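Coordinates in review
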Amino acid sequence: MKGRKHLLGLEELGREQIEQILDSAKSFKEVLERPIPKVPTLRGKTVANLFFEPSTRTRISFELAEKRLSADTVNFTASGSSVSKGESLKDTARNIEAMQVDMIVVRHQASGAPHFLARSLDCSVINAGDGTHEHPTQGLLDMFTMREHKGRIEGLKVVIVGDIAHSRVAASNIWGLTKLGARVVVCGPTTLLPLGIERLGVEPTSDLDEALEDADVVNVLRIQLERQEKGLFPTTREYSRCFGLTRNRLSAAKEDVLVMHPGPMNRGVEISQDVADGPFSVILEQVANGVAVRMAVLYLLSGSEVEPKPE
Ligand code: CP
């Protein structure tokens, strides 16, 4: 990762680069467990968080990661900004960069928006989720959580359930997990499984019970209710009946299965209450690990020489 300026997706990273981020995140997780969870790694650097789409976890997680690294941070949300007066993405970002910003974290509804900014700006750009393309730091924190529990990614059977076609979380998980040697099964209605997805090295199926057999990890995606109007699945109830993760269904998986969800959850639709809050759920651990993973990404892209040292 050293020498790399941007993080736009996991597609562009090699196995060693992904493993370097995960290893570095382990050191930063140790920092977060100290009484004063702060290091001077990014002192003097300024990071702008540009969120053109709603976010709870990613936005707060990046901001906390920046503060824990002693960076100065500024936050931009499209509502209340000059975007409402018609200012373009490029002009908005170039004006923010002109205020001596070193790194930009961007979430945008358009796939490819971070790539466009990376070509238009001199500073580093980090993708915090672009359209249906990628959400690389979510993929990384998912893998970090899996590795923490299982000790490895290689050989794990990971089932990703839901709207595979429109999910940037699914895309980043698929790129990352296949590079690290996991067996990835993607499960959802045929209308939400892209044609030819097996070319990415995954196994598609619409039979959740079959998919769950001997699974090490089940990553449940948010069903995007806004897509229901487009007729991609009959009703929420029907979706839940066929693809909702319940305690009963989960019994087909390994007895130490991990249940993950990137959030926000539709409880009672893609995941039952008792599974979301049950003993196999690591959903809040994912959120906690997100801060350490984002600290690692910011550190590695910044070119900082100030490494976190063991206490
Ligand atoms: N996982 C995730 O991207 O959540 P937010 O939309 O709340 O950031």
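Scroll up to find the structure this text is about.
Let me begin by describing the structure that accompanies this report. Within each chain, residues carry numbers counting from 1 in the order of the written sequence. The predicted origin of the model limits local features to residues at a pLDDT of at least 70 and limits the giving and counting of side-chain atom pairs to 80 or more, whereas totals for whole chains, interfaces and linings rest on all residues. Only hydrogens and water are set aside; all other atoms, that is, all heavy atoms of the structure, feed into the side-chain values.

The next subject is the overall build of the protein. For the purposes of this entry, the term helix denotes a DSSP run of H or I that reaches at least four residues, the term strand denotes a run of E that reaches at least two, and both are numbered from the N terminus. For the protein, the helix and strand inventory stands at eleven helices and nine strands. Between the two quantities, the radius of gyration covers C-alpha atoms and the globule rule is 2.2 Å times the number of residues to the power 0.38. Here the protein has a C-alpha radius of gyration of 19 Å; the compact-globule value for 311 residues is 19 Å, and the two agree. Taking the principal axes of its C-alpha atoms as reference, the protein extends roughly 55 × 50 × 35 Å. Should any heavy atoms of two residues lie within 4.5 Å, those residues are counted as being in contact. Long-range pairs, those at least 24 residues apart, make up 74% of the contacts in the protein between residues at least 6 apart in sequence. Here the Shrake-Rupley method, with its probe set to 1.4 Å, supplies the accessible areas, and only the displayed protein chains count as covering residues. For the protein, the exposed area adds up to about 13600 Å²; of that, 49% sits on carbon and sulfur atoms. Of the side-chain charges in the protein, 38 are positive and 42 negative, and the distance between the mean point of each set is 4 Å. Note on charges: Lys and Arg go in the positive column, Asp and Glu in the negative column, and His and the chain ends are not counted at all. One atom stands in for each charge, and that atom is NZ of Lys, CZ of Arg, CG of Asp or CD of Glu.

Moving on, we get to the environment of Ser82. Topologically, Ser82 is positioned in the loop between β2 (72-77) and α3 (89-97). Exposure is judged per residue with a 1.4 Å probe applied to protein chains only, and the accessible area is read against the type maximum: over 50% gives exposed, under 20% gives buried, and values in between give partly exposed. Since its relative accessible area comes to 29%, Ser82 is described here as partly exposed.

On to the sheet that holds strand β5 (residues 157-161), then. At least two bridges found by DSSP between two strands is the condition for calling them paired. In space, the five strands of this open sheet follow the order β7-β6-β5-β8-β9, with parallel pairing throughout. The outermost strands of the open sheet, each flanked by one partner alone, are β7 (203-205) and β9 (258-260). Each neighbouring strand pair of the sheet contributes to a mean axis angle of 20 degrees, computed without reference to strand direction. Taken together, the three bridges between strand β8 (residues 217-220) and β9 define a ladder with parallel strand orientation. If you follow Val218 over to β9, its bridge partner there is Val259. Under this scheme, a helix contributes an axis fitted over its contacting stretch, all axes are lines through C-alpha atoms, and angles between N-to-C directions fall in the 0 to 180 degree range.

This next bit is on the site of the ligand. Summary of the distance rule: residues count as near a molecule or strand when at least one heavy atom falls within 4 Å of that molecule or strand. Taken together, Ser55, Thr56, Arg57, Thr58, Arg107, His135, Gln138, Pro262 and Gly263 are the residues near the ligand. One of the side-chain nitrogen or oxygen atoms of Thr58 is found 2.6 Å away from an oxygen atom of the ligand. Each polar contact in these results corresponds to two N or O atoms within 3.5 Å; when the atoms are within protein, one needs to be able to donate a hydrogen and the other to accept it, and residues that are neighboring in sequence are counted only if both atoms are side-chain atoms. Within the contact set of the ligand, an oxygen atom lies 2.9 Å away from a side-chain nitrogen or oxygen of Arg107. Bound to the protein, the ligand loses 91% of the 250 Å² it would expose on its own. Partitioning the shell around the ligand into residue classes produces one nonpolar, six polar and two charged. Throughout this entry, Asp, Glu, Lys and Arg are counted as charged residues, while Ala, Val, Leu, Ile, Met, Phe, Trp, Tyr, Cys and Pro are counted as nonpolar. The remaining residues, Gly among them, count as polar.

The next point concerns the sheet that holds strand β3 (residues 103-108). In a beta sheet, neighbouring strands are held together by backbone hydrogen bonds and run either parallel or antiparallel to one another. Spatially, four strands are ordered β2-β1-β3-β4 in an open sheet, and the strand pairing comes out parallel. At either end of the open sheet lies a strand with only one pairing partner, and these are β2 and β4 (124-130). Within this sheet the neighbouring strands show an average axis-to-axis angle of 15 degrees, counted without direction. As paired strands, strand β1 (residues 46-51) and β2 are joined by six bridges and run parallel to one another. Looking at the pairing, Ala48 lines up with Val74 of β2. Along the sheet, α3 makes contact with β1, β2 and β3, crossing β1 at roughly 160 degrees.

This part covers the packing of aromatic side chains. Only rings of Phe, Tyr and Trp enter the pairing, Trp through its six-membered ring, and a pair is recorded when the two centres are within 6.5 Å. The plane angle decides the type: under 30 degrees is stacked, over 60 is edge-to-face, the rest tilted. In the structure shown here, the tally under the stated rule is four aromatic pairs. A centroid spacing of 5.2 Å and a plane angle of 50 degrees characterise the contact between Phe52 and Phe76, whose relative ring orientation is tilted. Of this pair, Phe52 sits in the loop between β1 and α2 (57-68) while Phe76 sits in strand β2, placing them 24 residues apart in sequence. A relative accessible area of 13% places Phe52 in the buried class.

Next up on the list: unusual backbone geometry. In this chain, Gly263 is followed by Pro264 through a cis amide linkage whose omega measures -10 degrees. Along the chain, Pro264 turns up in the loop between β9 and α10 (273-276). We note that Gln100 has phi near 65 degrees; this positive angle belongs to a residue other than glycine. If you trace the backbone, Gln100 turns up in the loop between α3 and β3.

Another point: the pairing of β3. Across the six residues of β3, six count as buried, placing the element largely inside the fold. Residues Met103, Val105 and Arg107 point to one face of β3 and Ile104, Val106 and His108 to the other, with burial holding for every one of them. Note: β3 against β4, five bridges, orientation parallel. Bridge pairing in β4 places Met103 opposite Ser124. Think of it like this: strands point away, you trace from the first strand over the helix to the second, and a clockwise trace means the crossover is right-handed. In this fold, β3 hands off to helix α4 (residues 113-120), which returns the chain to β4; that crossover is right-handed.

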